Amino acid sequence: QVQLVESGGGLVQAGGSLRLSCAASGRSFSSYDMGWFRQAPGKDREFVAALRWNGNTRYSDSVKGRFAISRDNAKNTVYLQMNSLKPEDKAVYYCATRRDNLWIYYSDYAKYDYWGQGTQVTVSS
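Residues numbered from 1 in each chain as written. Predicted model: local features only at pLDDT ≥ 70, side-chain atom pairs only at ≥ 80, totals over all residues. Heavy atoms only, no water.

Is there a simple way to think about the nonpolar core in this case?
It is characteristic of soluble globular proteins that their nonpolar side chains tend to be buried jointly. Ranked by internal contacts, the top residues of the largest apolar core, which has 26 residues, are Trp36, Leu80, Met82 and Tyr93. Listed by contribution, the elements that provide at least two residues to this core are β3 (18-25), β4 (34-39), β5 (46-51), β7 (67-72), β8 (77-82), β9 (91-97) and β11 (119-124). Sort the elements by how many residues they give to this core and β3 lands first, with four residues. Apart from residues lying up to four places away in sequence, Leu80 is in contact with Leu18, Arg19, Leu20, Trp36, Val48, Ala49, Phe67, Ala68, Ile69 and Tyr93. Residues Phe37, Phe47, Trp103 and Tyr112 belong to the second largest nonpolar core, which totals six residues. (Core = buried A, V, L, I, M, F, W, Y, C linked by side-chain atoms within 4.5 Å. Buried < 20%, exposed > 50% of the residue type's maximum accessible area, 1.4 Å probe, protein only. Helix = DSSP H or I, 4+ residues; strand = E, 2+ residues; numbered from the N terminus. Contact = heavy atoms within 4.5 Å.)

Given below as structure tokens:
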């Protein structure tokens, strides 16, 4: 059974940085796409970043140039480095993965099969 556990969230001032981690177990995820999503109170879950098994990445326009997704296959862990954080980045952040590797679905949260419990990120102004 695939399990994903996020960590690294917290409170940071605007302009600061955080690095989120997502530790995976239950399968070797180096051959699978991974995604980060976030959900703010009263809003829908939204795509943040995705990392394809071959290293390709995609970002939402709102985080492009500030966030970076990466993975450490030896540790079965995916990261989200978040720089220049803004108050509007405040949300619960989730990592996710899918059973398939259909890259066309990289930003569609409904197509992801496995989710972590989420980690809270709060950015003060």
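Here the narrative resumes.
Explain the packing of aromatic side chains here, please?
Two aromatic rings, taken as a pair, are described by how far apart their centres are and by the angle between their planes. With the rule as written, the count across this model stands at seven aromatic pairs. Considering the side-chain rings of Phe37 and Phe47, the 5.8 Å spacing of their centres and the 70 degrees angle between planes classify their relative orientation as edge-to-face. In this pair, Phe37 is assigned in strand β4 and Phe47 in strand β5, connecting sequence segments ten residues apart. Each member of the pair Phe37 and Phe47 is classed as buried. Taken together through their ring pairs, the aromatic side chains of Phe37, Phe47, Tyr94, Trp103, Tyr106, Tyr112 and Trp115 make up a single cluster. Across the ring face of Tyr79, the terminal group of Arg19 is positioned such that the distance to the ring centre comes to 4.2 Å. (Phe/Tyr/Trp six-rings, centres within 6.5 Å; stacked < 30°, edge-to-face > 60°. Lys NZ or Arg CZ within 6 Å of the ring centre and 35° of its normal.)

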